[in-house]
Amino acid sequence: MTLHPTDRAIVEATQAGLPLVPAPFEAVADTLGITETELLDRLDRLKKQGIIRRIGAAPNHYKLGLVSNGMTVWDVENAVVDQLGEKVGALPYVTHSYRRPRALPEWPYNLFAMVHGQNRDEVLEKQKEIAAILGTACRANDILYSTRILKKTGLRLRRKDG
Amino acid sequence: MTSNLTQLDRDLINRLQEDLPLTNRPFAEIGAEFGISEDEVIERVKQLKEDGILTRFGPFFDAKELGGAFCLCAIAVPEERFETVLTQVNAHAEVAHNYERTHRLNMWFVLATESEAGIAETAETIERETGLKVLLFPKEREFFIGFKVAA
């Protein structure tokens, strides 16, 4: 899909964050040379289109004391994976949850749920809670801990003119 | 650490993960919800950012909707070749994140490319360079609610 040039300019101007001033949208509109009304209309449309998921804050889980994260993975019956996935995604300690294709024979799991806790015991407790929710629809599961960040670069929209 | 956060901080962190109102004075509206001033909201958000508790404040774009393709990938890397393979994999600009994980599939990374075709091309290139199979786990559906700090 192609973004309108003004929308693209909005993405570029805000992807690093909004200014923390009383009228942040007005400030962004000023730098873009558009009215605040136009900016708010465009942001609203981008949200309705799903291009903007939300406008808010991202917490640092490590700073919040949640130092252990486990990628729990589950082999859930296809017929019920979406319905159960919604329940798992709604759990307060699950930050991301996705349905993904299996890669048989190496990988039988089709539901991924990232679980955060203060330590591995807590993560294991949460894993048990998820297992209880999935019940007999789940045939197998595993948990993968991250032991090292090997690379991390944020999403950056490439500049069209650069 | 969570223990140093006031109740108001916790409430704000939870509230700020939800949508900011699309109005001229959004922080004033949030302040009104908590019975604090606009300035106090802004000061606290600044402080939480400065302390690294909030990493970012602003719009979150769906990268896929912006055009481009994303895919979680995994490789089972033999332990003795790990660093060599890591260098080969990370050399690709398309590799956005890469984590070592506790599993036979011990290298998990996200490919970000301009087009869907770019995912397969990059994965094939990595397979050719490393001689290892790259498993692709594209997102088929997302179940996402958010993250709450225990109040």
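Here is what the cut-offs are and how they apply
Residues numbered from 1 in each chain as written. Chains lettered and ligands numbered in written order. Predicted model: local features only at pLDDT ≥ 70, side-chain atom pairs only at ≥ 80, totals over all residues. Heavy atoms only, no water. Helix = DSSP H or I, 4+ residues; strand = E, 2+ residues; numbered from the N terminus. Rg over C-alpha atoms; globule rule 2.2 N^0.38 Å. Buried < 20%, exposed > 50% of the residue type's maximum accessible area, 1.4 Å probe, protein only. Contact = heavy atoms within 4.5 Å. Areas by Shrake-Rupley, 256 points an atom, 1.4 Å probe, with all protein chains shown as cover. Lys, Arg positive; Asp, Glu negative; His and termini not counted. Charge placed at Lys NZ, Arg CZ, Asp CG, Glu CD. Core = buried A, V, L, I, M, F, W, Y, C linked by side-chain atoms within 4.5 Å. Salt bridge = Lys/Arg side-chain N within 4 Å of Asp/Glu carboxyl O. Polar contact = N/O pair within 3.5 Å; in protein donor to acceptor, adjacent residues only side chain to side chain. Phe/Tyr/Trp six-rings, centres within 6.5 Å; stacked < 30°, edge-to-face > 60°. Lys NZ or Arg CZ within 6 Å of the ring centre and 35° of its normal. Pairing = 2+ DSSP bridges. Expected span 1.5 Å × (residues − 1). Buried area = accessible area lost by both parts, 1.4 Å probe. Nonpolar A, V, L, I, M, F, W, Y, C, P; charged D, E, K, R; others polar.

1. Side note on the overall build of chain A
Reasoning step 1: Looking only at helices and strands, chain A has five helices and five strands in total.
Reasoning step 2: Computed over C-alpha atoms, the radius of gyration of chain A comes to 20 Å, more than 25% over the 15 Å expected from 2.2 N^0.38 for 162 residues, which places it beyond the range of a compact globule.
Reasoning step 3: Based on the C-alpha atoms only, the size of chain A along its principal axes is roughly 55 × 35 × 30 Å.
Reasoning step 4: Within the span of chain A, comprising 162 residues, buried residues form 51% of the whole.
Reasoning step 5: Considering only contacts in chain A between residues 6 or more positions apart, those separated by 24 or more positions represent 64%.
Reasoning step 6: Within the structure as shown, chain A displays about 7,800 Å² of accessible surface, and the carbon and sulfur contribution to it stands at 51%.
Reasoning step 7: Computed over 23 positive and 19 negative side-chain charges, the inter-centroid distance for chain A is 5 Å.

2. Thoughts on the nonpolar core
Reasoning step 1: If you look at the biggest cluster of nonpolar residues, it comprises 36 residues, and the most contacted ones within it are Leu39(A), Leu16(B), Leu20(B) and Phe57(B).
Reasoning step 2: Of all elements in the fold, only α1 (5-14), α2 (24-32), α3 (36-48) and β1 (52-59) of chain A together with α1 (7-16), α2 (26-34), α3 (38-50) and β1 (54-61) of chain B reach the threshold of two or more residues within this core.
Reasoning step 3: Ignoring anything within four residues of it in the chain, the contact list for Leu16(B) reads Arg54(A), Gly56(A), Ala57(A), Ile30(B), Val45(B), Leu54(B) and Phe57(B).

3. Some words on the environment of Trp74(A)
All names here are of chain A.
Reasoning step 1: With respect to the secondary-structure elements, Trp-74 resides in strand β2 (residues 68-76).
Reasoning step 2: Linking Trp-74 and Val-94, residues 20 residues apart in sequence, is a C-alpha distance of 14 Å.
Reasoning step 3: Among residues more than four places away in sequence, those in contact with Trp-74 are Tyr-109, Asn-110, Leu-111, Ala-113, Gln-127, Ile-130, Ala-131, Leu-134, Cys-138, Ala-140 and Asn-141.

4. Notes on the side chain of Arg100(A)
Reasoning step 1: Note on placement: Arg100(A) falls in the loop between β3 (94-99) and β4 (111-117).
Reasoning step 2: For the buried Arg100(A), no salt bridge exists, and the shortest N-O distance to an oppositely charged side chain is 8.2 Å, to Glu142(B).
Reasoning step 3: A polar contact of 2.8 Å, which involves the side chain of Arg100(A), links it to the backbone oxygen of Phe137(B).
Reasoning step 4: Excluding residues that lie within four positions of it along the chain, Arg100(A) makes contacts with Tyr109(A), Asn110(A), Phe112(A), Leu72(B), Phe137(B), Pro138(B), Lys139(B) and Glu140(B).

5. A few points about the environment of Asp62(B)
Reasoning step 1: Within the secondary structure, Asp62(B) sits in the loop between β1 and β2 (69-75).
Reasoning step 2: Judged by its relative accessible area of 14%, Asp62(B) is buried.
Reasoning step 3: Non-local contacts of Asp62(B), meaning those with residues more than four positions away in its chain, are made with Gly50(A), Ile51(A) and Arg53(A).

6. Structural notes on the packing of aromatic side chains
Residues and elements named next belong to chain B.
Reasoning step 1: This model, assessed by the stated rule, comprises eight aromatic pairs over all chains.
Reasoning step 2: Ring geometry for Trp-108 and Phe-137: centres 5.4 Å apart, planes at 20°, overall stacked. Residue Trp-108 is located in strand β4 (residues 107-113), and its partner Phe-137 is located in strand β5 (residues 135-137); the two are separated by 29 residues in the primary sequence.
Reasoning step 3: For Phe-137, a relative accessible area of 0% corresponds to the buried category.
Reasoning step 4: Positioned above the aromatic ring of Phe-60, the side-chain terminus of Arg-56 is 4.4 Å from the ring centre.
Reasoning step 5: Over the face of the ring belonging to Tyr-99 we find Arg-101, whose NZ or CZ atom lies 5.4 Å from the ring centre.

7. Some remarks on the pairing of β3(A)
Reasoning step 1: Burial analysis of β3(A) places five of its six residues in the buried class, the great majority of the element.
Reasoning step 2: By the bridge criterion, two bridges tie β3(A) to strand β6 (residues 141-142) of chain B in an arrangement that is antiparallel. Bridged to Tyr98(A) within β6(B) is Glu142(B).

8. Regarding α3(A)
Residue and element names in this part refer to chain A.
Reasoning step 1: Here α3 is 13 residues long and its end C-alpha atoms lie 18 Å apart, about the 18 Å a rise of 1.5 Å per residue gives.
Reasoning step 2: Close packing links the buried residues of α3 with α1, α2 and β1.
Reasoning step 3: A positive backbone phi angle near 85° is found at Gly-50, which sits one or two residues after α3.

9. A few points about the interface of chain A and chain B
As a measure of interface size, the accessible area lost when the parts come together is often cited.
Reasoning step 1: If you look at the interface, chain A gives 77 residues, while chain B gives 75 residues.
Reasoning step 2: Taking both sides of the interface into account, the surface hidden between chain A and chain B amounts to around 7,200 Å²; carbon and sulfur atoms contribute 58%.
Reasoning step 3: On the chain A side of the contact with chain B, Leu20(A), Arg53(A) and Lys151(A) bury the most area, a combined 11% of that side's loss.
Reasoning step 4: In this structure, the connection of chain A to chain B is made through eight salt bridges.
Reasoning step 5: The partner of Lys133(B) in a salt bridge is Glu106(A), with the nearest N and O atoms 3.4 Å apart.
Reasoning step 6: Applying the counting rule to chain A against chain B returns 29 residue pairs in polar contact (both at pLDDT 80 or more).
Reasoning step 7: Taken together, the residues of the side of chain A that touches chain B break down into 41 nonpolar, 19 polar and 17 charged.

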